[in-house]
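Summary of structural features
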Amino acid sequence: MTSSSDLKFLGKQIILGVSGSIAAYKAVELLRVLVREGAAVSVVMTEAATRFVNPLTFEVLSRQPVTSNLFAAHQELLHLTLAERADLLVIAPATANVLAKCALGLADDLLSTMMLTTRCPVIIAPAMDGGMWDHPTVQLHTAVIRQRGVTVLEPEEGLLASGKVGRGRLTDQEAILSAIEARLSPRRDWVGQRVLVSAGPTQEAIDPVRFIGNRSSGKMGYAIAQAARERGAEVILVTGPTALERPHGVEVVPVLTAEDMGKALITRLAWSTVVLMAAAVADFRPRRSSQQKIKKEARTGMTLELEPTPDILETLAKQRSSQVIVGFAAETEPPLRHAEQKLKRKGIDLVVGNDVTADQCGFGSDSNAAVLVDRDGRVVELELMPKRELADRILDAIQTLSVFPAQHRPRNHE
Ligand code: CTP
């Protein structure tokens, strides 16, 4: 038998927002699980959602009245008070319209009004047609919402209501439940740590319009910065050019070249307690960069003379006092041997190795698999998972290092 103390969401006040997508019926099952796990759930539907599922279904299961109308007198006040007191607001499914209202701060119904009044963690699980999800406007709104600290759970790829196959299906219930669990009881086990993360590619100029670069998207480094921040660390992210939104609550230092990145990191080394070098730093740069655009004049070809860039990681490892230093090894074959070699050669504490050519891994991908090799002789294989989850696993591994500075006193504002 389950005792009440085993219930995951016991005593939690959750608002479940349901909007007008065909996936609205899935919110019924979500509600059942939340209630079964001890949560007190208030359901708020948009007008459109009531056309897909009868509010009575939610009322019976939540044992609470369901409201959608902003002008339903006392109901409205009741729900707005609730929004102020709630532990969490989850909108599943969320339509493109709901995303747009959240991003812009429109408040023309109860759910969107609640988005503005509540100060609790918010999770949004979109569901829509694939073409809509991919639309730049929807992507922009999603990015804006994420930047404000809202968890947006990517829809899944699969067969859509339209009969087409694409990315737009509501993510599965397990993903929503684990996001709820994570936002309700966030781990604060990195409070007191000061984390310096590098991410993205560097660009080495050939002339004012051309450069040598690489395919790094920056997603892994940004995910690490976000994870460390959410777990309580102060975080500085030194980043090459990427198309990503700056992570919430993180100080971002944009750089272009390997040289700039090196300077930005070295001057912040003394501040940090842990450094993660996730950037794909160019190994070589043009010996000379032309001040003028190079013309193609003679079609006989062109020779670029390259020189090595300084190895930032090695420099950091040499100059450190007590910082934990973590490097990455992006390889095009099984990474274990290279990771082991880089750990020794660079004199660092942990190497995260990955094969960028493996399926769904590497540059640009939202997921990754990795092997972690550390100075204490441990080797941990991490299977394919979202980069955000991998970021947490990397932070977990760093905490188990013998050199991890566990006893850092939180600074005043923590
Ligand atoms: N790195 C660095 N400075 C450089 C090049 C790489 O700090 N000039 C860091 C990367 O950020 C990464 C680690 O070193 O954390 C390994 O980078 P990688 O390019 O895989 O290894 P290299 O040392 O350049 O070796 P190789 O290219 O021969 O694999």
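Residues numbered from 1 in each chain as written. Predicted model: local features only at pLDDT ≥ 70, side-chain atom pairs only at ≥ 80, totals over all residues. Heavy atoms only, no water.

1. Section: the layout of surface pockets
The following threshold applies: Only protein atoms enter the 1 Å grid used here. Points where a 1.4 Å probe fits but cannot escape make up a cavity, open sets with protein on both sides within 12 Å along at least five of seven lines make up a pocket, and a residue lines them when an atom lies within 4 Å of a point. Grid points are joined across faces, edges and corners, and a volume is the space filled by probe spheres set on the points. Numbering of helices and strands runs from the N terminus; a helix is a DSSP stretch of H or I covering at least four residues, while a strand is a stretch of E covering at least two. For this scheme, ten residues count as nonpolar: Ala, Val, Leu, Ile, Met, Phe, Trp, Tyr, Cys and Pro. Four count as charged, namely Asp, Glu, Lys and Arg, and the remainder, Gly too, count as polar. Throughout, the edges of the domains are those of an automatic or database domain assignment.
Taken as a whole, the largest pocket holds about 2300 Å³ of empty space. If you go around the largest pocket, you meet 50 residues; those closest to its centre are Arg-146, Thr-151, Val-152, Leu-153 and Arg-388. When residues of the lining of the largest pocket are traced back to their parent elements, those giving at least two are α8 (136-147), β5 (151-152), α9 (173-184), α10 (219-230) and α14 (387-399). Looking at the lining of the largest pocket residue by residue, the class counts come to 16 nonpolar, 13 polar and 21 charged. In this structure, the lining of the largest pocket is formed jointly by two domains, domain 1 (11-184) and domain 2 (194-408), each of which donates at least three residues. Here the second largest pocket is characterised by a volume of approximately 870 Å³. In terms of lining residues, the second largest pocket is bounded by 39 residues, among which Ala-279, Ala-280, Val-281, Phe-328 and Ala-330 are the most central. Within the residue set of the lining of the second largest pocket, elements represented by two or more residues are α10, α12 (312-319), β16 (324-331), α13 (336-346), β17 (350-355) and α14. The biggest single contributor to the lining of the second largest pocket is β16, with 5 residues. Residues that form the lining of the second largest pocket fall into these classes: 18 nonpolar, 12 polar and 9 charged.

2. Description of the pairing of β16
Formally: Only protein chains enter the accessibility calculation, which uses a 1.4 Å probe. A residue is then buried if its area is under 20% of the maximum for its type, exposed if over 50%, and partly exposed in between. Think of it this way: DSSP has to see at least two bridges between two strands before they count as a pair. Seen with its strands pointing away from the viewer, a crossover is right-handed if its path from the first strand over the helix to the second goes clockwise.
In terms of burial, β16 is a largely internal element, 6 of the 8 residues being buried. Alignment of strand β13 (residues 274-277) against β16, held across 4 bridges, turns out to be parallel. Looking across to β16, one finds that Met-277 is bridged to Gly-327. Strand direction decides the pairing type here: β16 and β17, joined by 6 bridges, are parallel. Considered in β17, the bridge of Phe-328 is made with Val-352. Where the polypeptide runs from β16 across α13 and back to β17, its parallel neighbour, the crossover connection is right-handed.

3. Thoughts on the sheet that holds strand β8 (residues 194-199)
Threshold: Helix axes are fitted to C-alpha atoms over the stretch in contact, other axes to C-alpha atoms as well, and angles between N-to-C directions run from 0 to 180 degrees. What makes two residues a contact is simply this: any of their non-hydrogen atoms within 4.5 Å.
If you trace the 8 strands from one edge of the open sheet to the other, you get β12-β11-β8-β13-β16-β17-β18-β19, paired in mixed fashion. Each edge of the open sheet is held by one strand with a lone partner, namely β12 (251-254) and β19 (379-386). Averaged over all pairs of adjacent strands, the angle between strand axes in this sheet comes to 20°, irrespective of strand direction. Direction of pairing for strand β11 (residues 234-239) relative to β12: parallel, over a ladder of 4 bridges. When the bridges of β12 are listed, Thr-239 appears paired with Pro-254. The strands touched by α10 are β8, β11, β13, β16 and β18 (367-374); relative to β11, the strand with the most contacts, the crossing angle is about 165°. Against the sheet, α13 contacts β16, β17, β18 and β19, and its axis sits at roughly 45° relative to β18.

4. Observations concerning the packing of helix α1 (residues 24-36) against helix α3 (residues 55-62)
To keep it simple, the criterion reads: When an angle is under 35 degrees it counts as roughly parallel; over 145 it counts as roughly antiparallel; between 65 and 115 it counts as roughly perpendicular; any other value is oblique.
At a minimum axis distance of 10 Å, the contact between α1 and α3 shows a crossing angle of 10°. The pairing of α1 with α3 is recorded here as roughly parallel in orientation. Only Thr-57, Phe-58, Leu-61 and Ser-62 of α3 make contact with α1, whose side of the interface consists of Ala-24, Ala-27, Val-28, Leu-31, Arg-32 and Val-35. Each residue belonging to the contact of α1 with α3 can be placed in one class, and the counts come to 7 nonpolar, 2 polar and 1 charged.

5. Overview of empty space enclosed by the protein
Counted according to the given criterion, the structure contains 1 cavity of 30 Å³ or more. Contributing to the lining of the largest cavity are Thr-46, Ile-91, Val-98, Lys-101, Cys-102, Asp-109, Leu-111, Ser-112 and Met-115. When contributions to the lining of the largest cavity are tallied by element, the ones reaching two or more residues are α5 (96-104) and α6 (110-117). Looking at the lining of the largest cavity residue by residue, the classes come out as 5 nonpolar, 2 polar and 2 charged.

6. What about the site of the ligand?
Stated formally: Note on definitions. A residue lies near a molecule or strand when any single heavy atom of the residue is within 4 Å of it. Definition of a polar contact: a pair of N or O atoms within 3.5 Å, with one able to donate and the other able to accept a hydrogen when the atoms are protein atoms, and with sequence-neighbouring residues admitted only if both atoms are side-chain atoms. Shrake-Rupley sampling with a 1.4 Å probe provides the accessible areas, and residues are treated as covered by the protein chains on show and by no other component. Any molecule with more than half of its atoms within 2 Å of a cavity's or pocket's grid points is regarded as sitting in that cavity or pocket.
Around the ligand there are 17 residues in total, and Met-277, Ala-279, Phe-328, Lys-342 and Lys-346 lie nearest to it. Take Ala-279: an N or O atom from its main chain is 2.7 Å from an oxygen atom of the ligand. Protein chains bury 78% of the 570 Å² of accessible surface belonging to the ligand in isolation. Comparing atom positions with the cavity grids shows the ligand to sit within the second largest pocket. Secondary-structure elements contributing two or more residues to the shell around the ligand are α12, β16 and α13. Per-element accounting of the shell around the ligand gives the leading share, 4 residues, to β16. For the shell around the ligand, the residue count by class is 10 nonpolar, 2 polar and 5 charged.

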